[in-house]
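Observations on chain architecture
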Amino acid sequence: METDAEEEQVKEQAEKEEKLSSFEPRHLNRVMESIYTRFKLPREAALSDNAAASQILSDVREGVMTFGELTFSDMDQAYHLASLCSDDEYVDFRRAFTDRAASRHFRAGWIYCQINAGDRNATALFEAVYEKLKAKRPSPPVLEGTLAARTGMPWNLIYERAVEIMRIDKLSLDALCDKYDILPNTPFYSNLMLVYLSKCGRDELKGNEGLLGELIAASELEFLRPAVRNYTSQVAYEEMSGDIINIILARLSAERGENPLGISPKTLQIMRQRRYKEVLDELTSGNREKADFYSKISGNIRKVEFLDKGFFAVDFGSYAVIDNPDWKDRAYAFKKEYFTEIFRKWEETGRPENFWPPAGEGGIQYARDAVLGLSDADIVRIGFTGFDSLYARDLLSKKTF
């Protein structure tokens, strides 16, 4: 039986009970409360947690019922179930669900899939529901005016097509969201904004730097990469917002790999050199030799972090350098894994002032010995003049991520 017909039965029952309202208002309230509990609105079903779906799946796995025996209220958990099923279970579930899918499941799917835009099982289920309803004649009213009906499927093309619609209809981003019930602060919204930004010209990019900055920190690389690449290729470094540069460099430092955002090597080099040079010029407190040293290899820096009591850490990928203005002629490079371990101990012991470097001189090698492979200590003493400086630059320029 089609669940559209089941929905109609629920409505008819509610209408019958409503006619009794003048005689038995308390009875009506109880009936309406029961209907409301058993048959949630699509939006409520989409926003609920996985508890009910987990129980349903547990019953199926224990043989209590099959996917084909789901009740009408169980069907409201379809998208949650899709995300929990194994690959084999999903095949059986999708077949059983699609046979009975109705308009309410399209409405619920649109909301659920915006919140869980990266859930492939759920978005594939939404595609199946859409295709089933689209094939009906006449077309169900639920499809009218929706973004999915305008763009068509598959799901992974909806972003590009939505941006095309925005251009054709001359809609602003806010107007597009209002017209097509696009929920803000969802992964779908973020992905859509990034696709839009990946196709903008220079002026539009400059006008949306605030939006781009908000999206860089947490968005998926798949969608973020084209937007950042477009921005950095069209906006000169001198015109970039300082906040945007800092956010881009912070995101890069949080990712593995040399350049996961796909920025041109030349642009990335400029961003790192100029931004980190400014920071380190200040942190080295007028020590020209140190400032010059860091400036020459600033393009290899991934992050600079202020620690405490004048100490700061410079992340070069394979090594992290601990430095302090009081150390006039030296600093200490830590192998990255060792630094992570030592840093944790420093924080656990209350960030003591005299902690760095956490080893006697006997446990520290010189940069020359490390570069020539003559020793393999976890801490390397680096100097900033003469051959010491050259060996140190060699050591810190190695790209091991």
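Use the structure listed above.
Here's what I pulled together on the structure shown here. (Residues numbered from 1 in each chain as written. Predicted model: local features only at pLDDT ≥ 70, side-chain atom pairs only at ≥ 80, totals over all residues. Heavy atoms only, no water.)

1. A few points about helix 8 (residues 103–115)
- Here helix 8 is 13 residues long and its end C-alpha atoms lie 19 Å apart, about the 18 Å a rise of 1.5 Å per residue gives.
- Of all 13 residues making up helix 8, 11 are buried, and the element is well covered by its neighbours.
- Considered for burial, the residues of helix 8 that qualify are Ser103, Arg104, His105, Phe106, Ala108, Gly109, Trp110, Ile111, Tyr112, Cys113 and Gln114. (Helix = DSSP H or I, 4+ residues; strand = E, 2+ residues; numbered from the N terminus. Expected span 1.5 Å × (residues − 1). Buried < 20%, exposed > 50% of the residue type's maximum accessible area, 1.4 Å probe, protein only.)

2. Things to note about the packing of aromatic side chains
- Taken as a whole and assessed by the stated rule, the structure comprises 25 aromatic pairs.
- Centroid distance Phe293 to Tyr294: 5.5 Å. Interplanar angle 75°. Geometry classified as edge-to-face.
- What links up through ring pairs into an aromatic cluster is the set Phe106, Trp110, Phe126, Trp155, Tyr159, Phe188 and Phe223. (Phe/Tyr/Trp six-rings, centres within 6.5 Å; stacked < 30°, edge-to-face > 60°.)

3. A look at the sheet that holds strand 5 (residues 364–366)
- What the six strands build is an open sheet, ordered 1-2-3-4-6-5; its pairing is mixed. Here the strands that pair on one side only, and so sit at the sheet edges, are strand 1 (303–308) and strand 5. Here the average twist between neighbouring strands, direction ignored, is 30°.
- Sheet strands touched by helix 18 (residues 265–283): strand 1 and strand 2 (311–315). Its angle to strand 1, the strand with the most contacts, is close to 25°.
- Strands in contact with helix 20 (residues 336–348) are strand 1, strand 2, strand 3 (319–323), strand 4 (330–335) and strand 6 (379–383); relative to strand 4, the strand with the most contacts, it is inclined by about 105°. (Pairing = 2+ DSSP bridges. Axes fitted to C-alpha atoms, helices over the stretch in contact; angles between N-to-C directions. Contact = heavy atoms within 4.5 Å.)

4. A short note on the layout of surface pockets
- Of the volumes computed, that of the largest pocket is approximately 450 Å³.
- Forming the walls of the largest pocket are 17 residues, and the residues nearest its centre are Trp155, Asn156, Tyr159, Glu222 and Phe223.
- Taken together, the elements giving at least two residues each to the lining of the largest pocket come down to helix 9 (120–134), helix 11 (158–168), helix 13 (187–197) and helix 16 (221–234).
- It is helix 9 that provides the largest number of residues to the lining of the largest pocket, a total of four residues.
- A per-class count over the lining of the largest pocket returns seven nonpolar, five polar and five charged. (1 Å grid on protein atoms, 1.4 Å probe; cavity = no way out; pocket = protein on both sides within 12 Å on 5 of 7 lines; lining within 4 Å. Points joined across faces, edges and corners; volume = space filled by probe spheres on them. Nonpolar A, V, L, I, M, F, W, Y, C, P; charged D, E, K, R; others polar.)

5. Observations concerning the pattern of salt bridges
- Going through the model one piece at a time under the given rule, you end up with 26 salt bridges.
- In this structure, Arg251 and Glu255 form a salt bridge, with 2.9 Å as the shortest nitrogen-oxygen distance. Glu255 matches Arg251 in its accessibility class, with the two residues each being buried.
- For Asp308, the salt bridge identified is with Arg351, shortest N-O distance 3.7 Å. Placement of Asp308 in strand 1 and of Arg351 in the loop between helix 20 and strand 5 is noted, with a sequence separation of 43 residues between them.
- For Asp308, a relative accessible area of 24% puts it in the partly exposed group.
- A relative accessible area of 31% means that Arg351 is categorised as partly exposed.
- A cluster of three or more residues bridged by salt bridges with shared partners is formed by Lys277, Asp281, Arg288 and Asp292. (Salt bridge = Lys/Arg side-chain N within 4 Å of Asp/Glu carboxyl O.)

6. Section: the pairing of strand 3
- Of all the five residues making up strand 3, five are buried; the element is thus mostly covered by neighbouring parts of the structure.
- Where burial is concerned, the two faces of strand 3 agree: the one with Tyr319, Val321 and Asp323 and the one with Ala320 and Ile322 are both buried.
- Summarising the sheet, strand 2 and strand 3 pair through four bridges and their orientation is antiparallel. Of the residues in strand 3, the one forming a bridge with Ala313 is Ile322.
- When strand 3 meets strand 4, the two strands line up antiparallel, connected through four bridges. Paired with Ile322 across the bridge in strand 4 is Tyr332.
- Where strand 3 folds back on strand 4, the antiparallel hairpin that results is connected by six residues.

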